[in-house]
Amino acid sequence: MCGIVGYIGTKAASGILLEGLRKLEYRGYDSAGIATILDDQIHCVRAKGKLNNLQEKLDGEDNPAPLGIGHTRWATHGKPEEYNAHPHRDTEGRIAVVQNGIIENYRELREQLKAKGCEFRSQTDTETIPHLISQKLIAIKANPPNNKTAEASLLLEAVRQAVNELQGAFAIAVISADFPDELIVARQQAPLVIGFGQGEYYCASDTPAIVAYTRAVLPLENGEIARMTRMGVEVYNFEGIRQRKTPRTLNWNPVMVEKQGFRHYMLKEIYEQPGVVRTCLETYLVPDWTPELGISPIRLGIPDEFYADINQIQIVSCGTSWHASLVGKYLLEQLAQLPTAVQYASEFRYSPPPMIPNNLLIGVTQSGETADTLAALEMDKKRRKDETGPLRSRLLGITNRAESTLGELVDRVIDTQAGIEIGVAATKTFVAQLMAFYFLSLDLSYRRKTMTIEAIEKMIDGLRQLPAQVESVLESQERYIEELAHDFVDTQDFIFLGRGINFPIALEGALKLKEISYIHAEGYPAGEMKHGPIALLDSKVPVVTIAMPGPVFEKVLSNAQEARARDARLIGITPMDEVEAAETFDTLIPVPHVDEILSPIVTVIPMQLLSYHIAARRGLDVDQPRNLAKSVTVE
Ligand code: AGP
């Protein structure tokens, strides 16, 4: 939620900041702004709405300032108006701050600061920060403390003192017209990465903003504050103790964050899915595995002792990751015979199940920064912190960003290897999460001996077919689905049906459609329709049904018929041939014959394409749907 960037070096900052913000716009697009130091003054330009509005304001400005900060906002406190746009300044306009997160004690701080004469001009929680820093600076200048941070810089010390009074989750970047050669950043539970160049340094909420300039990065840890100058970067903790840090090298390139000829990032990411599945297979399958090797065919790097004694699994996640978790539950229960509960992370934290012995808690989050998911995991870790036996904390993360906050929090990570996803609607990261669950379930099944070696081998063979099968759906169906989307441009309600392992795919199909086309959609287990939702059906409500051969195939077809009898237009995602399908469905989206247990990787593709093309036909902003943000770092 919200993206922040900063630059200090020798080049003009504003262009670099703007480009950085463009790469972070997925984090929020209610307003944007940048602040630089020009002629000894803070020069702040802000605009309501998307980044293009800010760009228009900046066009024609000749601003050579080599230091600045920028922000793209997802509104939490205060309407998405220009006066609430970041950067925010202190009363004298000498300090500018951008923030990602929420300052929970902003009300008290605001009252205290107002009592000291600070003038507030916005409704935001963030505005307390520049005022607080300004007050700290006044006090420090009057009575300089004798400590390392004050020795390094009074601005650094003022920010350090200020962040120690802030409660909540935040990442900030601060500049001051009185300290024109430094940029101060701090992090507490919200991501912030520093990029290292030659005599120039960058900071950002996420690496895509800086990967065009440098691949040497240092993610700040919680409770760390850094002073960036043209000479280098000094990192301290909030107590003011210097931390020794070494940047690491990103294995990304700037092209990965471009559209590469696709109209939208979402479509590009849908098309990347065969490659993502291939990468997962190459990463996690032991090459040339044979049963005689006597080791698991899956190489997740998780040692036996980590999960040898578990007898139950809980999974916490949100949104699309929650749907992947439901598929995970199916696999873990059916293959590894482990009872598995899936909870919305936002519910788990405040109504946690009792502490269960021999439990594995899995957090699934593509961004690794979703506040609800992190909070749920932290809560469980905290309540088990003194336990050493069966009640001990045991956390596993499934994420596309192993370097994220989740990565630091959990004991073990499965990196889903999908590459950066820019479209707000998750597609390739979902498929990669499903792959992670296939691998985890197979690894557990092998170690727990809940599947025969033959069954494991058969499943691995099936997994190896998936990249080609996904490719064939993309090749054979995209054009057709694009045409089909035309029929639904004015549709107001959709129903998605699936059963068993494809029920979560029905939920995912409905979520994709809601998110990007703003059409009301509901996903249901097909057998549940008759218990209420069937009342919604008439000729205006299309019903998309996933029907894969398996134990419930006939039942799904009967459920679909029940909908057809109510005049609903039935769209089938199925490998049935045209003749058979014609008896059941009005419209057929054929998919290859895939074992039902592996089919979600294939059946989700038409769902993604359908929602994409309906939204594109409606002329909507597919990559940045209204009110949403890619990474939801507020609870
Ligand atoms: C997916 O299309 C959504 N944008 C959203 O539901 C998302 O899956 C959810 O916010 C969780 O994000 P995470 O995977 O980064 O935790």
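Conventions used here
Residues numbered from 1 in each chain as written. Predicted model: local features only at pLDDT ≥ 70, side-chain atom pairs only at ≥ 80, totals over all residues. Heavy atoms only, no water. Buried < 20%, exposed > 50% of the residue type's maximum accessible area, 1.4 Å probe, protein only. Helix = DSSP H or I, 4+ residues; strand = E, 2+ residues; numbered from the N terminus. Pairing = 2+ DSSP bridges. Domains from an automatic or database assignment. Contact = heavy atoms within 4.5 Å. Buried area = accessible area lost by both parts, 1.4 Å probe. Nonpolar A, V, L, I, M, F, W, Y, C, P; charged D, E, K, R; others polar. Disulfide = S-S within 2.5 Å.

A look at the pairing of strand 4 (residues 67-73)
Within strand 4, 7 of the 7 residues are buried, which leaves it mostly tucked inside the rest of the structure. Both faces of strand 4 are covered, namely the face carrying L67, I69, H71 and R73 and the face carrying G68, G70 and T72. By the bridge criterion, 6 bridges tie strand 1 (residues 3-8) to strand 4 in an arrangement that is antiparallel. Residue pairing across strands places Y7 opposite G68, the latter belonging to strand 4. Here strand 2 (residues 31-38) runs beside strand 4; their pairing, made up of 6 bridges, is antiparallel. Residue I34 lies in a different strand from strand 4, and its bridge partner there is G70.

Quick look at the domain arrangement of the protein chain
If you check the domain split of the protein chain, you get domain 1 (3-257), domain 2 (259-451) and domain 3 (472-635). Taken together, the contacts link 41 residues of domain 2 with 37 residues of domain 3. Carbon and sulfur atoms make up 66% of the area that domain 2 and domain 3 hide from each other, which totals about 3,200 Å². Listed by contribution, the elements that provide at least two residues to the side of domain 2 that touches domain 3 are helix 7 (265-271), helix 8 (273-284), helix 10 (319-334), helix 12 (371-383) and helix 14 (428-448). No other element matches helix 10, which puts 8 residues into the side of domain 2 that touches domain 3. Among the residues making up the side of domain 2 that touches domain 3, the classes are represented as 25 nonpolar, 10 polar and 6 charged.

Structural notes on the state of the cysteines
Per the stated rule, a full pass over the model turns up 0 disulfides. Among the cysteines around C203, which has no disulfide bond, C2 carries the closest sulfur, lying 14 Å off.

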